[in-house]
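Here is how the chains run, residue by residue.
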Amino acid sequence: MELIIVIIVTGLFLLMLIINIRASNQRQKQTIDMITNSKEPTNEQIKTTTKLQVTKRIEFPYILDDYIGQQLARSVLKLNLFNKKFSPVIYSKPGMGKSLLLELFCIERNRHLFAENQKNNINNRLGEIVRTEGGSLSLYNTAELVMCLEENDILFIDEIHRMSMPIAERFLSVIQDKMMFGIDPRNFMTKAKELIRDKYLEGLMSGRITKRGVLIDIQIPDSIMICGATTELGMMPKPLLDRMFPIRLTNYSIEEMHELVLKTYHKFQFEPHALDLIVTNSQFIPRLAKRMIVAINPEQKNLKTITTSDIEQSLKFLEIYKGLSYTQRKYLSFIYSESPVGRKTISDYLGIALSELDNVVEPWLKENGWIKISSRGRSITTIGKEFVDKELLGII
């Protein structure tokens, strides 16, 4: 009786083993057929493989040297124009011009690289800037995006701190070894499968058989560069940050802000006091300065000269007083009598996210010495109380 039971159990075990082997072989056959039988993709199909934003070359009217301010950052970028192992990540508070500076660097790199190759009679393509957001990357579309990169292309990841740890781990090998390991091609879209087949036949990939099927190792061109921009450097996955080159943007000076406004809006004349009002209320952030001019809509009004009254009207629209937004004035008023106050309590009171509190509301208050941050929370300083008593009493 026991012998019969053993025979039956053994038979069932062997049957299940045969079924699993056949299923595994079928999966492997489907994967290999997908790789070898796809039609040859066109360049347009390659470029539309993913739904991620692909930015073509943008013709700015200026070069990296024309960028106003940030002398140290520009020097570092120019020094590493042709460094293949250079992966910059620019960080600063919002509105300081990180993306513009990085895009100018990418464009100038590609132009110089193309000119150098032409001089040496090397038939090489002019690279493109492929731009995406860190939070939009997944395990699947990351591999598709990397496969779409061609010679001299630059992958620009904005808000790179939003990238998850599994995605960051994939980019480690991309930055260090120009490889992406362990990709399952069955999860890709049809056009990406065509690209896999094309690169597989060119020998740019290697494959290995596992229980899940065939996994592909993708090799990308050595001239590709990965770069990023972020407002929260400390939130980046540490292994990824350790392999990139952090570059900090500093505050602009009064002279630089004057020049930036005049250059950006060169079609208009500015009254001297109007220009001073823009700069002193901008917290030395270019985006805020531009916002004041956009608020009065000078193009539609056909203005030739932007006057002091125009900027005063704009400040009223934006609820800016003494360079502070309504939220910042409300912040100072709240901690004036309740100090010290916890970060979460302030965030709930103002009705804003913690990230907005850290990156938008508090930086200017800290730079002026009006608030102090400790383990107990946020508290107003003596200088901050004097400022509130003198400038904001009855205004908030």
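Up top is the structure these notes are about.
Residues numbered from 1 in each chain as written. Predicted model: local features only at pLDDT ≥ 70, side-chain atom pairs only at ≥ 80, totals over all residues. Heavy atoms only, no water.

**Describing the overall build of the chain**
Here's step 1: Along the chain, the regular secondary structure elements total 17 helices and 12 strands.
Here's step 2: Expressed as a percentage of the 396 residues in the chain, the buried residues total 48%.
Here's step 3: Considering only residue pairs separated by 6 or more positions, the chain has 74% of its internal contacts joining residues 24 or more positions apart.
Here's step 4: Accessible surface, the chain: about 21,000 Å² in total, of which carbon and sulfur atoms supply 55%. (Helix = DSSP H or I, 4+ residues; strand = E, 2+ residues; numbered from the N terminus. Buried < 20%, exposed > 50% of the residue type's maximum accessible area, 1.4 Å probe, protein only. Contact = heavy atoms within 4.5 Å. Areas by Shrake-Rupley, 256 points an atom, 1.4 Å probe, with all protein chains shown as cover.)

**A few points about the pairing of strand β3 (residues 154–158)**
Here's step 1: Burial analysis of β3 places 5 of its 5 residues in the buried class, which makes it a mostly covered element.
Here's step 2: Here β3 shows a buried face lined by Ile154, Phe156 and Asp158 and a second buried face lined by Leu155 and Ile157.
Here's step 3: Pairing of strand β2 (residues 129–133) with β3 involves 5 bridges; the strand directions are parallel. Within the sheet, the bridge partner assigned to Val130 lies in β3 and is Leu155.
Here's step 4: Where the polypeptide runs from β2 across helix α5 (residues 139–148) and back to β3, its parallel neighbour, the crossover connection is right-handed.
Here's step 5: Summarising the sheet, β3 and strand β7 (residues 225–230) pair through 5 bridges and their orientation is parallel. Across the sheet, the residue bridging to Leu155 is Ile226, located in β7. (Pairing = 2+ DSSP bridges. Right-handed = clockwise from strand over helix to strand, strands pointing away.)

**Section: the pattern of salt bridges**
Here's step 1: As enumerated under the stated definition, the model contains 11 salt bridges in all.
Here's step 2: The shortest N-O distance in the salt bridge between Arg378 and Asp358 comes to 3.8 Å. You can see Arg378 sitting in strand β12 (residues 377–380) and its partner Asp358 sitting in helix α16 (residues 354–367), a full 20 residues away along the chain.
Here's step 3: Taken together, the shared-partner salt bridges in this structure form one network comprising Arg343, Asp358, Glu362 and Arg378. (Salt bridge = Lys/Arg side-chain N within 4 Å of Asp/Glu carboxyl O.)

**Description of the pairing of β12**
Here's step 1: As defined by bridge partners, strand β11 (residues 371–374) adjoins β12 across 4 bridges and the pair is classed as antiparallel. Bridged to Ile373 within β12 is Arg378.
Here's step 2: A loop of 2 residues connects β11 with β12, the two strands running antiparallel in sequence.

**Things to note about a nonpolar patch on the surface**
Here's step 1: Judged by side-chain polarity, Ile4, Ile8, Leu12 and Leu15 come together as a nonpolar surface patch covering roughly 390 Å² of accessible area.
Here's step 2: Within the element layout of this structure, Ile4 appears in helix α1 (residues 2–36).
Here's step 3: Overall, Ile4 belongs to the partly exposed group, its relative accessible area being 49%. (Patch = residues over 30% accessible without salt bridge, like charges linked within 9 Å, V, L, I, M, F, W, Y side chains within 5 Å.)

**Here's the deal with the environment of Thr132**
Here's step 1: If you trace the backbone, Thr132 turns up in strand β2.
Here's step 2: Overall, the relative accessible area of 4% leaves Thr132 in the buried class.
Here's step 3: Separated by 13 residues in the primary sequence, Thr132 and Leu145 place their C-alpha atoms 9.4 Å from one another.
Here's step 4: A polar atom in the side chain of Thr132 sits 3.2 Å from the side chain of Ser136. (Polar contact = N/O pair within 3.5 Å; in protein donor to acceptor, adjacent residues only side chain to side chain.)

**Structural notes on the nonpolar core**
Here's step 1: The biggest cluster of nonpolar side chains holds 65 residues, and the ones touching the most others in it are Phe105, Phe270, Tyr331 and Leu332.
Here's step 2: When residues in this core are grouped by element, the largest group, 6 residues, is from helix α4 (residues 98–119).
Here's step 3: For Phe270, the residues in contact, after removing those within four places along its chain, are Val261, Leu262, Tyr265, Leu275, Ile278, Ile293 and Ile306.
Here's step 4: Of all hydrophobic cores here, the second largest spans 28 residues; its members include Leu145, Ile160, Ile226 and Met236. (Core = buried A, V, L, I, M, F, W, Y, C linked by side-chain atoms within 4.5 Å.)

**Describing unusual backbone geometry**
Here's step 1: We note that Gln70 has phi near 55 degrees; this positive angle belongs to a residue other than glycine.
Here's step 2: When you line up the elements, Gln70 lands in the loop between α2 (43–47) and α3 (71–79).
Here's step 3: For Gln70, a relative accessible area of 5% corresponds to the buried category.
Here's step 4: You will see that Asn302, though not glycine, has its phi angle at about 55 degrees, which is positive.
Here's step 5: Assignment of secondary structure puts Asn302 in the loop between α12 (298–301) and β10 (305–306).

**Examining helix α15 (residues 343–350)**
Here's step 1: Turning to α15, its buried residues are Ile346, Ser347 and Leu350. Looking straight down α15, one finds that the buried residues subtend no more than 100 degrees of arc, so they occupy a single side.
Here's step 2: A positive backbone phi angle near 75 degrees is found at Gly351, which sits one or two residues after α15. (Arc of directions from axis to C-beta.)

**Some thoughts on the packing of helix α11 (residues 286–296) against helix α13 (residues 308–317)**
Here's step 1: The N-to-C vectors of α11 and α13 enclose an angle of 100 degrees; their axes lie 8 Å apart at closest approach. Looking at the two axes, α11 sits roughly perpendicular to α13. In contact with Met292, Ala295 and Ile296 of α11, α13 contributes Asp310, Ile311, Ser314, Leu315 and Phe317.
Here's step 2: The residue inventory of the contact of α11 with α13, partitioned by class, reads 6 nonpolar, 1 polar and 1 charged. (Axes fitted to C-alpha atoms, helices over the stretch in contact; angles between N-to-C directions. Parallel < 35°, antiparallel > 145°, perpendicular 65-115°, else oblique. Nonpolar A, V, L, I, M, F, W, Y, C, P; charged D, E, K, R; others polar.)

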